[in-house]
Amino acid sequence: MIKQSFCYPLFRAPGQGVDELCRLAASIGYAGVELWFRDEAFDALLDAAAAHGLTVASMCGHRSLELGMATRGEHDRIEAELRASIEVAARHGIPNLICFSGHGEPEQAEADAIEACAACLRRVAPAAEAAGVNVNMELLNSKVDHAGYRCDHTRFGVAVCERVASARVRLLYDIYHMQIMEGDVIRTMTEQMRWIGHVHTAGNPGRHDLDAEQELNYRAICRAIGKAGYDGFVAHEFSPKADHGEALREAFDVCRGA
């Protein structure tokens, strides 16, 4: 069965506490919960996850989506932030960190942006390896949501990973974003499985529930990646259309991989 997680800020109903949400998720069958940047609820989330047997599966390792690793002048800052996040992740048993290519330099060639990202990740790869923490560069679409983002195709992310050549430098394959940019999700994910450290879901178009109103067949996708040997988390990162708890339950049922 696919291990499933969810991004708690998107599924926390108005007035709902983190403990209540984690209790509900555990009762459904979730294995993990995650966040973006560490916030005021981080300690409460750690406590709630532990109380209900959930892994805190992933969090962002540095800021920001725009000022990322493709900009060489940001490398010192990003390295320091990632090293600090690796220590936090190792201390709390968080297996995945998210990193970002950002927008890069004006008129920067793709090959140079790839090498800049690889150069930054080479600086932190030994620390990630020693800690047993994945640093996953996120694939985001530049067509609808993140204009100017450089790591907007699988080929870019794979090229970075190949240049770093570390078992702990991998990709966050966001299915919603890559459906927008390139489609062919099942073939791409199964062919590039060795580089995928974490997965995000959302329905397209709209970035909402994994229902019959959107175009992705998540049952087939999860079945295929499970058969291909993927053993990481599939994490839901969408805005529910209606009841948050019901959306959480329905997404779990769709992606259980049966």
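Structural notes, computed from the coordinates.

Conventions adopted
Residues numbered from 1 in each chain as written. Predicted model: local features only at pLDDT ≥ 70, side-chain atom pairs only at ≥ 80, totals over all residues. Heavy atoms only, no water. Helix = DSSP H or I, 4+ residues; strand = E, 2+ residues; numbered from the N terminus. Rg over C-alpha atoms; globule rule 2.2 N^0.38 Å. Buried < 20%, exposed > 50% of the residue type's maximum accessible area, 1.4 Å probe, protein only. Contact = heavy atoms within 4.5 Å. Areas by Shrake-Rupley, 256 points an atom, 1.4 Å probe, with all protein chains shown as cover. Lys, Arg positive; Asp, Glu negative; His and termini not counted. Charge placed at Lys NZ, Arg CZ, Asp CG, Glu CD. Phe/Tyr/Trp six-rings, centres within 6.5 Å; stacked < 30°, edge-to-face > 60°. Lys NZ or Arg CZ within 6 Å of the ring centre and 35° of its normal. Polar contact = N/O pair within 3.5 Å; in protein donor to acceptor, adjacent residues only side chain to side chain. Salt bridge = Lys/Arg side-chain N within 4 Å of Asp/Glu carboxyl O.

**Things to note about the overall build of the protein**
Looking only at helices and strands, the protein has 10 helices and 9 strands in total. Its C-alpha atoms give the protein a radius of gyration of 17 Å, within 12% of the compact-globule value 18 Å for 258 residues. Buried positions account for 55% of the 258 residues belonging to the protein. In the protein, of all internal contacts separated by at least 6 residues, the share reaching a separation of at least 24 is 78%. Summed over all atoms, the accessible surface of the protein reaches about 10500 Å², with 48% contributed by carbon and sulfur. For the protein, the distance from the average position of its 26 positive side-chain charges to the average position of its 37 negative side-chain charges is 5 Å.

**Things to note about unusual backbone geometry**
That bond from arginine 63 to serine 64 is cis: its omega, 5 degrees, falls within 30 degrees of zero. Relative to the helices and strands, serine 64 is located in the loop between β4 (58–60) and α4 (75–92). With an omega of 0 degrees, the peptide bond between asparagine 204 and proline 205 qualifies as cis. At aspartate 184, a residue that is not glycine, the phi angle is positive and equals roughly 50 degrees. Positive phi, close to 60 degrees, is recorded for arginine 207, a residue that is not glycine. Tracing the chain through its elements places arginine 207 in the loop between β8 (196–201) and α9 (218–227).

**Some thoughts on the packing of aromatic side chains**
Given two aromatic rings, their pairing is described by the distance between the two centres and the angle made by the two planes. This structure, assessed with the given rule, holds 5 aromatic pairs. With centroids separated by 6.1 Å and ring planes inclined at 90 degrees, the aromatic side chains of phenylalanine 6 and phenylalanine 11 adopt a geometry described as edge-to-face. An identical accessibility class is assigned to phenylalanine 6 and phenylalanine 11; each is buried. Aromatic pair phenylalanine 37 and phenylalanine 100: ring centres 6.5 Å apart, planes at 45 degrees, arrangement tilted. Residue phenylalanine 37 is located in the loop between β2 (32–33) and α3 (42–51), and its partner phenylalanine 100 is located in the loop between β5 (96–99) and α5 (110–131); the two are separated by 63 residues in the primary sequence. Residue class for phenylalanine 100 comes out buried when judged on its relative accessible area of 2%. Each member of the aromatic cluster is reached from another via a ring pair, and the members are Phe6, Phe11, Tyr30, Phe238 and Phe252. Between lysine 3 and the ring centre of phenylalanine 233, over which it is positioned, the NZ or CZ distance is 4.4 Å. The positively charged end of arginine 63 is found above the aromatic ring belonging to phenylalanine 37, 4.1 Å away from the centroid.

**Some points on the environment of glutamate 79**
Within the secondary structure layout, glutamate 79 lies in helix α4. Glutamate 79 sits 17 residues away from histidine 62 along the chain, and the two C-alpha atoms are 8.4 Å apart. Excluding its chain neighbours within four sequence positions, the residues that come into contact with glutamate 79 are Arg123 and Val124.

**Observations concerning the side chain of serine 166**
For serine 166, the position within the fold is in the loop between α6 (154–164) and β7 (169–174). We classify serine 166 as buried; its relative accessible area is 5%. For serine 166, the side chain forms a polar contact with the side chain of glutamate 129, separated by 2.5 Å. Contact partners of serine 166, with chain neighbours within four places excluded, come to Ala125 and Glu129.

**Notes on the pattern of salt bridges**
Taken as a whole, this structure holds 14 salt bridges when the rule is applied. Across the pair aspartate 112 and arginine 72 runs a salt bridge, and its minimum N-O distance is 3.0 Å. Remark: arginine 72 occurs in the loop between β4 and α4 and aspartate 112 occurs in helix α5; sequence separation between them is 40 residues. Look at aspartate 112 and you get partly exposed, because its relative accessible area is 31%. The partner of arginine 207 in a salt bridge is glutamate 237, with the nearest N and O atoms 3.3 Å apart. Residue arginine 207 is located in the loop between β8 and α9, and its partner glutamate 237 is located in the loop between β9 (233–236) and α10 (244–255); the two are separated by 30 residues in the primary sequence. Several salt bridges share partner residues, and in doing so they unite Asp76, Glu79, Arg83 and Arg123 into one network.

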